Amino acid sequence: MKSTLVLFRHDLRLDDNPALLAAIERGGSIVPVFVWSPEEEGKWQPGSASRWWLHHSLASLCQQLRSLGSNLVVRRGNTFTELQRVGEECGADALFWNRRHEPAIVERDTTLKLALRERGWTVQSFNGQLLFEPTQLRTRGGQPFQVFTPFWKACLAHSEPNEPQPAPGRLPAPKAWPQSEPLEALRLLPKIDWASGMRAAWQPGSEGAERRLQRFLEEGLETYPTDRDRPDRDGVSSLSPHLRFGEISPRRVWHEVKKLAARAKRATLDRAAESYLRELGWREFGHHLLFHFPHTTDAPLRAEFAAFPWHDRPSEVKAWQRGQTGYPLVDAGMRQLWTTGWMHNRVRMVVASFLVKDLLVPWQTGARWFWDTLVDADLANNTLGWQWSAGCGADAAPFFRIFNPVMQGERFDPLGEYVRRWVPELGQLAAPWLHRPWTASPATLAEAGVELGKTYPFPLVDHDEARKRALAALEKIKK
DNA sequence: TGAAATGTTGGGGCG
DNA sequence: ACGCCCCAACATTTC
């Protein structure tokens, strides 16, 4: 009996999993495999938050596989070596996977494919991560898109992404299971347990993804166009980490949202669906860009920004990381990130603007911190987001577009509920002062139990001055 | 998916 | 009634 290995990576689900379905169609037994080989990811090995998530997501996948009479073979080491060994142990001569588009992985996978084929294996890869493959969409001039709007129009004009496929009901097991390590051997969990905030906020695995999706469809989609900008509300889907690990397929999300809007036949829902799918479009855009411009993980896409006069001050970076900048919205965001492994997108833009423009810290420093702390850390989206914020990427916000952290707070967290949740030492301050405590009278501060410089910091920089400094720095790279 | 600076307009107070 | 000033409200330009 023939046997097919299915390599799981960023597709930790059983439904709408093209590699898995193709393996079943091929006939014979199926051997699901996970190989932990972080050094093969190059400079961007999974960060701490991602590892925590990965552990739990693998546990969930393993349980689901077992309920189908299968299992997950867990190995660590060199991917090529381990797959060969697994193949020998169960007599498999085929390997199927869903593609990833990160530069180091594309390179690794290309080598892997060739090496195994040379040894007589059948190796096939599929698209399980994206709505469209990066090579499918080109401008009329045959170039990759670098501006979002035409990119998205091309997506919408393209034939619909495939309908999602249901999970198989059963997976034929091999006669003998290859050796497998216990999950704990991968040592993905932190040594000191800092993950309690993450446990409270998330349920890694496709079951958790499913719950998020259903809740969002029922309660969130309708108000998405406005509430998506409100960190004080539960107005977004929170699917990002689930999409990152492939616990839910983007095609599934796409079709569920469209189906709901089509059934409802209401203009508001149509608009809401459009607005949400557009964000899925940004995810897609990020992945396509990284595929076509692999150097952008570390270097600005707009080369002139390489000469930007950044100021990397470790003490200021530290204050930013710890949520001690003295700007309440920035600090709230950074603490939400530290505690839950996630930050609301509106606030991500504000904290990124603050780091890059108010502090003049290189965007790569911010990207590194997000990479380590986000449970949804995704190389393509992280790169796109930071280059967008720094004004040096594709279709980026112009550098002179500088967020005012006070105004953003007043506009998007008007009652200060978001700040109060994450910066409790300001909890007693009334809304008008909450976003700019340094402007409150000594009496107001005393009444709220706030002592600036002691219980909560003074602003690290004066935004007005910082803004002028940033614009002056920009002049240096202009001809 | 900005915000500040600058320009324009129009109503009201007032001599 | 008129001209003048002020300034809020909005629009446009600039960074």
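Residues numbered from 1 in each chain as written. Chains lettered and ligands numbered in written order. Predicted model: local features only at pLDDT ≥ 70, side-chain atom pairs only at ≥ 80, totals over all residues.

Undergrad: Can you tell me about the overall build of chain A, naming the residues and giving the values?
TA: Counting its secondary structure elements, chain A contains 21 helices and five strands. Radius of gyration (C-alpha) of chain A: 24 Å, near the 23 Å computed for a compact globule of 479 residues. Summarising its shape, the C-alpha atoms of chain A cover approximately 80 × 50 × 50 Å along the three principal directions. For chain A, the proportion of its 479 residues judged to be buried stands at 46%. Look at the contacts in chain A between residues 6 or more apart in sequence, and 77% of them connect residues 24 or more apart. (Helix = DSSP H or I, 4+ residues; strand = E, 2+ residues; numbered from the N terminus. Rg over C-alpha atoms; globule rule 2.2 N^0.38 Å. Buried ≥ 20, exposed ≤ 12 C-beta atoms within 10 Å, placed from the backbone. Contact = placed C-beta atoms within 7 Å.)

Undergrad: Could you give an account of the protein's contact with DNA strand B, naming the residues involved and the relevant values?
TA: Around DNA strand B, the neighbouring residues are Trp 282, Ala 397, Phe 400, Arg 401, Ile 402, Phe 403, Asn 404, Met 407 and Gln 408. Considered class by class, the residues forming the surface near DNA strand B number six nonpolar, two polar and one charged. (Near = placed C-beta within 6 Å. Nonpolar A, V, L, I, M, F, W, Y, C, P; charged D, E, K, R; others polar.)

Undergrad: An account of the nonpolar core is needed here, citing residue identities and associated values.
TA: The nonpolar side chains of soluble globular proteins are, as a tendency, buried together. Membership of the largest hydrophobic core comes to 117 residues, with the highest contact counts inside it found for Leu 5, Val 6, Val 33 and Leu 95. Take this core: its biggest share by element is eight residues, from helix H11 (residues 267-292). What Leu 95 contacts, discounting residues up to four positions off in sequence, is Leu 5, Leu 7, Leu 83, Leu 116, Trp 121 and Val 123. (Core = buried A, V, L, I, M, F, W, Y, C linked by C-beta atoms within 7 Å.)

Undergrad: Explain the packing of helix H14 (residues 345-358) against helix H16 (residues 379-390) residue by residue, including any values.
TA: Where H14 contacts H16, the two axes come as close as 9 Å, and the packing angle between them is 55 degrees. In terms of orientation, H14 and H16 fall into the oblique class. Considering only the axes of H14 and H16, their crossing is right-handed. Together, Arg 348, Met 349, Ala 352, Ser 353 and Val 356 of H14 and Gly 385, Trp 386, Ser 389 and Ala 390 of H16 make up the contact between the two elements. Here the contact of H14 with H16 is composed, by residue class, of five nonpolar, three polar and one charged. (Axes fitted to C-alpha atoms, helices over the stretch in contact; angles between N-to-C directions. Parallel < 35°, antiparallel > 145°, perpendicular 65-115°, else oblique. Left-handed = near helix turned anticlockwise from the far one by under 90°.)

Undergrad: Give a description of the pairing of strand S1 (residues 3-7) that names residues and reports values.
TA: Across the five residues of S1, five count as buried, placing the element largely inside the fold. Side chains Ser 3, Leu 5 and Leu 7 project from S1 onto one buried face, and the interleaved Thr 4 and Val 6 project onto a second face that is buried too. Where S1 meets strand S4 (residues 94-98), four bridges bridge the pair, whose relative direction is parallel. In the sheet register, Val 6 faces S4, and the bridge partner there is Phe 96. (Pairing = 2+ DSSP bridges.)

Undergrad: Outline the packing of helix H10 (residues 250-264) against H11, supporting the account with residue identities and numerical values.
TA: It is the contact of H10 with H11, at a shortest axis distance of 9 Å, that shows an interaxial angle of 170 degrees. Regarding the angle of H10 to H11, the classification is roughly antiparallel. The residues of H11 that touch H10, namely those facing Pro 250, Val 253, Trp 254, Val 257, Lys 258, Leu 260, Ala 261 and Ala 264, are Leu 269, Asp 270, Ala 273, Tyr 276, Leu 277 and Leu 280. Of the residues that constitute the contact of H10 with H11, the class distribution is twelve nonpolar, no polar and two charged.

Undergrad: An account of the domain arrangement of chain A is needed here, citing residue identities and associated values.
TA: The domain boundaries assigned to chain A delineate domain 1 (1-129), domain 2 (130-163 + 207-292) and domain 3 (303-477). Of note, the centres of domain 1 and domain 2, computed from C-alpha atoms alone, are 26 Å apart. The partner domain 2 presents 15 residues to the 14 residues of domain 1 that form the contact. For the side of domain 1 that touches domain 2, the per-class residue count stands at three nonpolar, seven polar and four charged. (Domains from an automatic or database assignment.)

Undergrad: Explain the environment of Pro 225 to me, using residue names and the numbers behind them.
TA: With respect to the secondary-structure elements, Pro 225 resides in helix H8 (residues 224-227). Owing to 17 C-beta atoms within 10 Å, Pro 225 belongs among the partly exposed residues under this scheme. For Pro 225 and Lys 468, which are 243 residues apart along the polypeptide, the C-alpha to C-alpha distance reads 33 Å. Apart from residues lying up to four places away in sequence, Pro 225 is in contact with Arg 271, Ala 272 and Ser 275.

Undergrad: Kindly report on the sheet that holds S1, identifying the contributing residues and their values.
TA: Across a sheet, paired strands are connected by hydrogen bonds in the backbone, their directions being either parallel or antiparallel. With respect to topology, five strands assemble into an open sheet ordered S3-S2-S1-S4-S5, the strand pairing being parallel. If you trace the sheet from one side to the other, it starts and ends with strand S3 (73-76) and strand S5 (122-126), each paired once. Here the strands of the sheet are splayed against their neighbours by 25 degrees on average, with no regard to which way each runs. Alignment of strand S2 (residues 29-36) against S3, held across four bridges, turns out to be parallel. Counted as the bridge partner of Val 33 is Val 73 from S3.

Undergrad: Describe in detail H16, supporting the description with residues and values.
TA: Note on helix geometry: an α-helix contains 3.6 residues per turn, so any two residues three or four positions apart are oriented the same way. The first and last C-alpha atoms of H16 sit 16 Å apart over twelve residues, in line with the 16 Å expected at 1.5 Å per residue. The buried count for H16 comes to twelve of twelve residues, which makes it a mostly enclosed element. Along H16, the residues that are buried comprise Leu 379, Ala 380, Asn 381, Asn 382, Thr 383, Leu 384, Gly 385, Trp 386, Gln 387, Trp 388, Ser 389 and Ala 390. In the core, the buried residues of H16 are packed alongside H11, H14 and helix H15 (363-373). Gly 391 occupies a position one or two residues after H16 and carries a positive phi of about 75 degrees. (Expected span 1.5 Å × (residues − 1).)

Undergrad: Now, about the environment of Ala 167: what can you tell me, with residues and values included?
TA: Residue position: Ala 167 is located in the loop between helix H5 (148-157) and helix H6 (196-201). By C-beta crowding, Ala 167 is classed as partly exposed, having 16 other C-beta atoms within 10 Å. Excluding residues within four positions of it along the chain, Ala 167 makes contact with Leu 14 and Asp 15.

Undergrad: Tell me about unusual backbone geometry, and please be specific about residues and values.
TA: Positive phi, normally seen in glycine, also occurs at Arg 187, with a value near 50 degrees. Positionally, Arg 187 belongs in the loop between H5 and H6. Of the residues examined, Arg 187 has 12 C-beta atoms within 10 Å and is grouped as exposed.

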